[in-house]
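# Coordinate analysis (summary)
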Amino acid sequence: MARNYDSRKRTLVTGGAGFVGSHLIDRLLERGNEVLCVDNLFTGARRNIAHLHNHPRLEFLRHDVTFPLYVEVDEIYNLACPASPIHYQHDPVQTTKTSVIGAINMLGLAKRLKVPILQASTSEVYGDPAIHPQEESYWGNVNPIGVRSCYDEGKRCAETLFFDYHRQHGLDVKVARIFNTYGPRMHPNDGRVVSNFVVQALAGQPITIYGNGAQTRSFCYVSDLVDGLMKLMDSPADVTGPINIGNPVEFTIRELAEEVIRLTGSSSALIEMPLPQDDPKQRQPNITQAREKLRWEPTIPLAEGLPPTIAYFAGLPDHV
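Residues numbered from 1 in each chain as written. Predicted model: local features only at pLDDT ≥ 70, side-chain atom pairs only at ≥ 80, totals over all residues. Heavy atoms only, no water.

## Quick notes on the overall build of the protein
This is how the line gets drawn: The secondary structure listing takes helices from DSSP runs of H or I that are at least 4 residues long and strands from runs of E that are at least 2 residues long, numbered from the N terminus. Atoms considered for the radius of gyration are the C-alpha atoms alone. The globule rule reads 2.2 Å times the number of residues to the power 0.38. Burial status follows relative accessibility: with a 1.4 Å probe on protein chains alone, a residue under 20% of its type maximum counts as buried, one over 50% as exposed, and anything between as partly exposed. Any pair of residues with heavy atoms lying within 4.5 Å of one another is described as a contacting pair. Note on areas: Shrake-Rupley, 1.4 Å probe, and residue coverage restricted to the protein chains presented here. Here Asp and Glu are counted as negative and Lys and Arg as positive; His is not counted, and neither are the chain ends. The atoms used to mark charge sites are NZ of Lys, CZ of Arg, CG of Asp and CD of Glu.
Helix and strand content of the protein: nine helices and 13 strands. By the compact-globule yardstick of 20 Å for 320 residues, the protein fits well, its C-alpha radius of gyration being 19 Å. With the principal axes as the frame, the protein shows a C-alpha extent of 60 × 45 × 40 Å. With 320 residues in all, the protein has 56% of them scored as buried. In the protein, 82% of the contacts between residues at least 6 apart in sequence involve partners at least 24 apart. Approximately 13800 Å² of the protein is accessible, and the part contributed by carbon and sulfur atoms is 52%. If the 31 positive side-chain charges of the protein are averaged to one point and the 36 negative ones to another, these points end up 5 Å apart.

## Comments concerning the nonpolar core
To keep it simple, the criterion reads: Residues enter a nonpolar core if they are buried and are Ala, Val, Leu, Ile, Met, Phe, Trp, Tyr or Cys, with the set joined through side-chain atoms within 4.5 Å.
Tyr77, Val194, Phe197 and Leu256 are the most contacted members of the largest nonpolar core, which totals 58 residues. At seven residues, helix α6 (residues 222–233) tops the list of elements feeding residues into this core. Not counting chain neighbours up to four residues away, the residues in contact with Tyr77 comprise Thr11, Leu12, Val13, Thr14, Leu24, Leu28, Leu118, Leu229, Met230 and Met233. Counting residues in hydrophobic clusters, the runner-up holds 26 residues, among them Leu36, Val71, Ala80 and Val115.

## Section: a nonpolar patch on the surface
Stated formally: The patches described consist of residues with a relative accessible area above 30% and no salt bridge, like charges being joined within 9 Å and nonpolar side chains (Val, Leu, Ile, Met, Phe, Trp, Tyr) within 5 Å. Salt bridge, as used here: a side-chain nitrogen of Lys or Arg that lies within 4 Å of a carboxyl oxygen of Asp or Glu.
Taken together, the side chains of Tyr210, Ile271, Met273 and Leu275 make up a nonpolar region of the molecular surface, amounting to roughly 320 Å² of accessible area. Its place among the elements puts Ile271 in strand β13 (residues 270–273).

## Side note on the packing of helix α3 (residues 92–113) against helix α4 (residues 149–169)
Convention followed: Here the axes come from fitting lines to C-alpha atoms, over the contacting stretch only for helices, and the angles between their N-to-C directions go from 0 to 180 degrees. Orientation categories follow fixed angle ranges, with anything under 35 degrees roughly parallel, anything over 145 roughly antiparallel, 65 to 115 roughly perpendicular, and all other angles oblique. Rotating anticlockwise by less than a right angle from the far helix to the near helix defines a left-handed crossing, while the corresponding clockwise rotation defines a right-handed one. In this classification, the charged set is Asp, Glu, Lys and Arg, the nonpolar set is Ala, Val, Leu, Ile, Met, Phe, Trp, Tyr, Cys and Pro, and all remaining amino acids, among them Gly, are polar.
Interaxial distance between α3 and α4 falls to 8 Å at its minimum, and their mutual angle equals 15°. With respect to α4, the axis of α3 lies roughly parallel. The hand of the α3/α4 crossing is right-handed. Contact with α3, carried on its side by Pro92, Thr95, Thr96, Ser99, Val100, Ala103, Ile104, Leu107, Gly108 and Lys111, involves Cys150, Tyr151, Gly154, Lys155, Cys157, Ala158, Leu161, Phe162, Tyr165 and His169 of α4 and no other residues of that element. Split by residue class, the contact of α3 with α4 holds 12 nonpolar, six polar and two charged.

## Overview of helix α5 (residues 193–202)
With seven of 10 residues buried, α5 lies mostly within the body of the structure. Lining the buried residues of α5 we find β7 (181–182), β8 (207–210), α7 (253–264) and α9 (302–314). In the stretch just after α5, Gly204 is the one whose phi turns positive, near 70°.

## Here we look at the sheet that holds strand β6 (residues 173–178)
Rules: Any two strands with at least two DSSP-identified bridges between them are counted as paired.
Read from one edge to the other, the open sheet built from seven strands follows the order β3-β2-β1-β4-β5-β6-β11, with strand pairing classed as parallel. Only two strands of the sheet have a single partner each, and these edge strands are β3 (58–62) and β11 (243–245). Neighbouring strand axes in the sheet, compared pairwise and without regard to direction, differ in orientation by 20° on average. The sheet contact formed by strand β4 (residues 75–78) and strand β5 (residues 117–122) spans three bridges and is parallel. In the strand pairing of β5, Tyr77 is matched with Leu118. Helix-sheet contacts for α3 involve β1 (10–14), β4, β5 and β6, and the interaxial angle to β4 is about 170°.

## Side note on the side chain of Thr95
For Thr95, the location among the structural elements is in helix α3. Relative accessible area serves as the criterion here: at 1%, Thr95 is assigned to the buried category. Those residues in contact with Thr95 that sit more than four places away from it in its chain are Cys81, Pro82, Tyr88, Cys150 and Tyr151.

## Here's the deal with α6
What counts is decided by this rule: One less than the number of residues in a helix, times 1.5 Å, gives the span that helix is expected to have.
Helix length check: α6 (12 residues) gives 17 Å between terminal C-alpha atoms against 16 Å at 1.5 Å per residue, within 8%. Across the 12 residues of α6, nine count as buried, placing the element largely inside the fold. Considered for burial, the residues of α6 that qualify are Val222, Asp224, Leu225, Val226, Gly228, Leu229, Met230, Leu232 and Met233.

Here you go:
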């Protein structure tokens, strides 16, 4: 049974000390929720939630979701999983276990409690897409045995589990396919394109472009993403997703590098390196479903979101 002894909603956020998770927790606390932040701190960091130290409605639990968790909550956001290639390829077996066994454990908890659960899936389920932009009905073009497969296929399997729990057990599930997201609290060494470019530009180092920089990405500011996740969680039970959450405005990697150089005032030069294996050439969400079912679309353009992101990296201590 769902808890009924306290009118204040209690929300579990796995991966809550991570980049996106910490921003989500901020918003949930602003709403008045009690929040249980669960993180094993593999890629999450205590500094991301340090400003909430001693907050009366936040509880932190260091825990790995590949092990069962027995708590009482009213809703679950499952964000636990390394999300950048450097981190998820560090221990690919553990990455797959986090996506798959972690999903099983969180779905089991949601089933026991009869509460809604949201899965932070990814645009990587589309692989190197053969259609553009990507809509949710597209099944993807994924290499099942490549170096990125631990993440891509782990997330695809997690989606399978969510919908099987929905069909088999009537569980209230929500699946968000998250596209490239950026903002303060990104890990400076996560290998993602925005953090790479900003860190290199601030240090006056050459900015590394893979290929000729013509490949495209669509960049969503983290507060817009959190809005989308919360609207999906709050949507009626028949809105299960998967729903793309991302910014449909497309930029080439070279354009991003040039914008970062302009905003930082850096003298960094651009250097070209070979493309990594299975790196997608295009990535752009079709967000028609998000607009129609959630009344959501991003509001913060890249030129507005980059300055606070740059300021965050500029303020980090050198040893981070």
